[in-house]
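Next come the chains, spelled out residue by residue.
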Amino acid sequence: MLIKMQVDSQDKGELQVNVTDMQNNPLKDVRVIIRQLEMGEGTVETLETDSSGQTPTVDLNAPPLAYSLDENNEIRPYSIYDLEIDAPGYEMENIENVEILPDSMAIQNVRMRKAEGDETENINIPPHTLYEEYPPKIPEDEIKDVNEPGEIVLSRVVVPEYVVVHDGTPSSNATDYYVLYRDYIKNVASSEIYATWPTATIEANVLAIMSFTMNRVYTEWYRNKGYDFTITSSTAYDQKWIYGRNIFESINLVVDNIFDQYLSRPDVRQPILTQYCDGKRVTCPNWLSQWGSCNLGERGYSALEIIRNYYGEDMYINTAEQISGIPASWPGYNLDIGASGQKVMQMQEQLDTIAQVYTAIPRLAADGIYGEGTQASVRAFQKIFDLPQTGVVDFATWYTISQIYVGITRIAEGIPRG
């Protein structure tokens, strides 16, 4: 049953909820109740997931778009909703304060645990960093001295499969979460900037977030200090990561297209520790200003022009040598109708394995020939995983297929999941 409340005078945002079990299998017929308690509306939607574990995309009331584009606006630029997710045999999930921005698709991913009684997981998403005041970043050198004896330093820049996030300050007794690298970047970007900003602005901020993260990975910064994690969720030390929060489609697409990139300076091997601030409550000369980058994006600056405006003209975009946890690398060109060979066959094999779990994807034979059947399966995959439905296997689609395949086949089974 779908219960809908229309207020035509308000701006709208969209929400889709994706539900899987802890082994990444989609869960069908899960009941999702959406409530808007803040404005006294109560239940505004009651939905059920389909065979891909997805609810229909629904429109929800949101504040005017101008609020999220104006740094002087003091009104919260997003609305908040509460979700109740209920599936027989699984713990109930309650998620409070899901953020809805106008003209934006919010994606709420939910992983359900098998029930062991009447337990319920309650997730309360704290306010966005641009709306609420958080501790400012403690300045660090952007290039780390890694020549001391005993330092653990990687020999080359590699995109990690996972990062281990310590959900607090470094010395706190906080929980550590194993988070897929791309999911971590999407979460931080959704927590640090607004998805309504220009695409070039989102790209520039994502590049800064990724380069910062890759510096922590490359230099083994916290492990060299005796900790067992990659990075923290503290804004004073690192970047804001929020357990269980929703992400946004515009950020999702940017990250999928450039997740192997980071920022470099000439003759420096390590990714640059690209620090930043909001540029409103806190100013930070020679660091990226988030609100300032929004203004530059609206003025037509490209992502690289935004980056160089803050970090200097000698900053450039580099590409990691390897992506960890992926069975084989991107062929370097799009796969489309008429393509053939080993890369096509490998992709078909992975996609057919995924289709056995996500049954809305047509099964296909791995014959190494990219025909109309393969195109239809690719397009169905892209629809489920929030990619442009082109039927073409581009960079983002290739690595999303590989990531989902790895998750389903449990190649990384030995890694704990938060």
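Presented here is a report on the structure given in the accompanying data block.

## Side note on the pattern of salt bridges
Inspection of every chain in the model, using the stated rule, returns 17 salt bridges. Between Glu-140 and Lys-144 there is a salt bridge, with its nearest N and O atoms 2.6 Å apart. Residue Glu-140 is classed as partly exposed on the basis of its relative accessible area, which comes to 21%. The salt bridge partner of Arg-281 is Asp-278, with a shortest N-O separation of 3.8 Å. Residue Asp-278 is classed as buried on the basis of its relative accessible area, which comes to 11%. Within the structure, one salt-bridge network assembled from shared partners comprises Lys-137, Glu-140, Lys-144, Arg-216 and Asp-238.

## Description of the sheet that holds strand β6 (residues 92-100)
Strands sit in the order β3-β2-β5-β6-β8 across an open sheet of five strands; the sheet is mixed. If you trace the sheet from one side to the other, it starts and ends with β3 (42-48) and β8 (120-124), each paired once. For this sheet the average axis-to-axis angle between neighbouring strands, irrespective of direction, equals 20 degrees. Alignment of strand β5 (residues 79-86) against β6, held across six bridges, turns out to be antiparallel. Looking across to β6, one finds that Ile-80 is bridged to Glu-99.

## A short note on the packing of helix α6 (residues 342-355) against helix α7 (residues 372-384)
Here α6 crosses α7 at 55 degrees, and the two axes come no closer than 11 Å. For the element pair α6 / α7, the angle class is oblique. The two elements α6 and α7 cross, and the hand of that crossing is left-handed. The residues of α7 that touch α6, namely those facing Met-347, Gln-348, Leu-351 and Ile-354, are Thr-374, Ser-377, Val-378 and Phe-381. Across the contact of α6 with α7, the residue classes break down as five nonpolar, three polar and no charged.

## Description of the state of the cysteines
By the definition in use, this model includes one disulfide. Disulfide partner of Cys-277: Cys-284, at an S-S distance of 1.9 Å. Since a negative S-S torsion denotes a left-handed disulfide, the Cys-277-Cys-284 link at about -80 degrees is left-handed. In this model Cys-294 remains outside any disulfide bridge; the closest cysteine sulfur is found in Cys-277, 14 Å from its own.

## Brief notes about the packing of aromatic side chains
This model, assessed by the stated rule, comprises 17 aromatic pairs. Pairing Trp-241 with Tyr-243 gives two aromatic rings, centres 6.3 Å apart and planes at 55 degrees, and the pair type is tilted. In textbook terms, an aromatic cluster arises when at least three aromatic residues are bridged by ring pairs, as seen for Phe-259, Trp-330, Phe-395, Trp-398 and Tyr-399. The ring of Phe-259 is capped by Arg-182, whose NZ or CZ atom sits 4.6 Å from the centre of that ring. Its guanidinium or amino end placed over the ring of Trp-221, Lys-225 lies 4.3 Å from that ring's centre, counting from NZ or CZ.

## Some points on the environment of Gln-403
Looking at where Gln-403 falls in the secondary structure, it is placed in helix α8 (residues 395-409). Between the C-alpha atoms of Gln-403 and Arg-182, which are 221 residues apart in sequence, the distance is 9.8 Å. Each residue touching Gln-403, except ones within four places of it in the same chain, is listed here: Leu-180, Arg-182, Asp-183 and Ile-326. Engagement of the side chain of Gln-403 in a polar contact is seen with the side chain of Arg-182, the distance being 3.0 Å.

## Examining the side chain of Gln-36
One can find Gln-36 in strand β2 (residues 31-36). In contact with Gln-36, not counting residues within four places along its chain, are Glu-41, Gly-42, Val-44, Ser-79, Ile-80 and Tyr-81.

Reading the values: the criteria
Residues numbered from 1 in each chain as written. Predicted model: local features only at pLDDT ≥ 70, side-chain atom pairs only at ≥ 80, totals over all residues. Heavy atoms only, no water. Salt bridge = Lys/Arg side-chain N within 4 Å of Asp/Glu carboxyl O. Buried < 20%, exposed > 50% of the residue type's maximum accessible area, 1.4 Å probe, protein only. Pairing = 2+ DSSP bridges. Helix = DSSP H or I, 4+ residues; strand = E, 2+ residues; numbered from the N terminus. Axes fitted to C-alpha atoms, helices over the stretch in contact; angles between N-to-C directions. Parallel < 35°, antiparallel > 145°, perpendicular 65-115°, else oblique. Left-handed = near helix turned anticlockwise from the far one by under 90°. Contact = heavy atoms within 4.5 Å. Nonpolar A, V, L, I, M, F, W, Y, C, P; charged D, E, K, R; others polar. Disulfide = S-S within 2.5 Å. Phe/Tyr/Trp six-rings, centres within 6.5 Å; stacked < 30°, edge-to-face > 60°. Lys NZ or Arg CZ within 6 Å of the ring centre and 35° of its normal. Polar contact = N/O pair within 3.5 Å; in protein donor to acceptor, adjacent residues only side chain to side chain.

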